[in-house]
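Geometric and topological summary
Single-letter residue listing:
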Amino acid sequence: MTMKTIPTGLGPIAYDDQGDAGQPVALLWPSLFSDHRMWEAQIGPLRAAGWRTLALDPPGHGDSPGPGRLFTMDECAFVALTLIDTLPAGVPVVMLGTSWGGMIAPRVAHARPGRLTGLVMTNTTAEMPDLKTKLTAKLLTVMLRIPAIDNMVDAMLLSMQMSERTRTEHPEIARTYAARFRSYRRRPFIQAVDSVLVRRDAFLDKLGEVTTPALVLSGADDTILPTAMNRRIADRMPTAEAIEIEGAAHLVPVERPEQMNALMLDRMNRWIEGKR
């Protein structure tokens, strides 16, 4: 694992860079409450298949301190583009994003038509939150400020993020997940939660302009961003397909890595072959 840092409009961004210059690149943006380690189960198979992986810590998460303010989804897209612009122009890039990362990926493709070879999005949406969701998320940002109720908040978040099957069969995954996001700096972390869950804007009406091939995966047990939201993304994009994964809630790459990896590698390798 080789951690690097790049300056961006949303502060320094830390990222794990594995692979060699000239290899096709998988740019990985995780879910809210996660950092580059969310992709541990994907990085090995990607590297074995000949991909270079750039897995970032998004603003306010992991070793990325954030900008010290609220921010927009378009600003996040330009963070990804800042990293992409360090690569040679001819190197293929596929962007993978879960939840927050999936909100960003089509914006990157839209901002730089033709630069991305493909998109793999999981457990995501292109819609702005409705009033109920905004109020619930705003309450969450208040609760996250109170250390005395951390254990209660953690249990609530884990019950929403991961399916009962995952929490029962692999309790260590849930424990690790909670320990990681509790290691983040509290203030910038909460600013990120507010920016993504409360203040994000819609992008659904622009998806028809995104012609990059895309795979959209949803978790059958996801109550945060359910399958219907993911399918609305695929329905709007000219070259996208949607697949629902059984036994997963909001974190398909973590909960069902075997299914995720098989589908991901199949589509990514096809997209690369289509470019040759």
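So, here's what we can say about the structure. (Residues numbered from 1 in each chain as written. Predicted model: local features only at pLDDT ≥ 70, side-chain atom pairs only at ≥ 80, totals over all residues. Heavy atoms only, no water.)

Here helix α8 (residues 186-198) is 13 residues long and its end C-alpha atoms lie 17 Å apart, about the 18 Å a rise of 1.5 Å per residue gives. Along α8, 10 of the 13 residues are buried, which leaves the element largely enclosed by surrounding structure. Within the sequence span of α8, burial applies to Pro188, Phe189, Ile190, Gln191, Ala192, Val193, Asp194, Ser195, Val196 and Val198. As for α8, its buried residues are in contact with α2 (73-84), α3 (100-111), α4 (131-143) and α7 (171-181). (Helix = DSSP H or I, 4+ residues; strand = E, 2+ residues; numbered from the N terminus. Expected span 1.5 Å × (residues − 1). Buried < 20%, exposed > 50% of the residue type's maximum accessible area, 1.4 Å probe, protein only. Contact = heavy atoms within 4.5 Å.)

This next bit is on the nonpolar core. Of all hydrophobic cores here, the largest spans 87 residues; its most connected members are Phe33, Met95, Leu96, Trp100, Leu119 and Met268. Beyond its immediate sequence surroundings of up to four residues, leucine 96 is in contact with Ala26, Leu27, Leu28, Trp29, Trp39, Val120, Met260, Met264 and Met268. (Core = buried A, V, L, I, M, F, W, Y, C linked by side-chain atoms within 4.5 Å.)

Turning our attention to the sheet that holds strand β7 (residues 214-219). Sheet strands line up and pair through hydrogen bonds in the backbone, either parallel or antiparallel. With mixed pairing, eight strands are arranged side by side in an open sheet as β1-β2-β4-β3-β5-β6-β7-β8. Edge positions in the sheet fall to β1 (3-6) and β8 (240-245), since each of these pairs with one other strand and no more. Within the sheet, the average angular offset between the axes of one strand and its neighbour, ignoring direction, is 20 degrees. Here strand β5 (residues 93-98) runs beside strand β6 (residues 118-122); their pairing, made up of five bridges, is parallel. Residue pairing across strands places methionine 95 opposite leucine 119, the latter belonging to β6. Sheet contacts for helix α1 (residues 40-48): β2 (13-18), β3 (25-29) and β4 (52-56); angle to β4, the most-contacted strand, approximately 160 degrees. Contacts from α2 reach β1, β2, β3, β4 and β5 within the one sheet, and its direction differs from that of β3 by about 150 degrees. (Pairing = 2+ DSSP bridges. Axes fitted to C-alpha atoms, helices over the stretch in contact; angles between N-to-C directions.)

Scanning the entire structure with this criterion turns up 19 salt bridges. With a closest N to O distance of 2.7 Å, arginine 232 and glutamate 127 form a salt bridge. Pair noted here: arginine 232 is in helix α9 (residues 227-236) and glutamate 127 is in the loop between β6 and α4, with a separation of 105 residues, a long-range link. Classification of arginine 232 by relative accessible area gives partly exposed; the value is 35%. Across the pair aspartate 154 and arginine 182 runs a salt bridge, and its minimum N-O distance is 2.8 Å. Here aspartate 154 is found in helix α5 (residues 150-161), whereas its partner arginine 182 is found in the loop between α7 and α8, with 28 residues between them in sequence. Relative accessible area serves as the criterion here: at 10%, aspartate 154 is assigned to the buried category. (Salt bridge = Lys/Arg side-chain N within 4 Å of Asp/Glu carboxyl O.)

Our focus in this paragraph is the environment of aspartate 57. For aspartate 57, the position within the fold is in the loop between β4 and α2. Classification of aspartate 57 by relative accessible area gives buried; the value is 1%. In contact with aspartate 57, other than residues within four places in its own chain, are Met3, Ile13, Ala14, Asp35, His36, Gly62, Asp63 and Ser64.

The periodicity of an α-helix, 3.6 residues per turn, causes residues three or four positions apart to be oriented the same way. All of the buried residues along α1 are Gln42, Ile43 and Leu46. Each buried residue of α1 sits inside an arc of 100 degrees when the element is viewed along its axis, so together they form one side. Within two residues after α1, glycine 50 carries a phi angle of roughly 95 degrees, on the positive side. (Arc of directions from axis to C-beta.)

By the criterion of burial, β5 is predominantly enclosed, with six of the six residues buried. In β5, alternate side chains face the same way, and those of Val93, Met95 and Gly97 on one face and Val94, Leu96 and Thr98 on the other are all buried. Where β3 and β5 come together, five bridges link them in parallel fashion. Counterpart to tryptophan 29 in the pairing with β5 is glycine 97.

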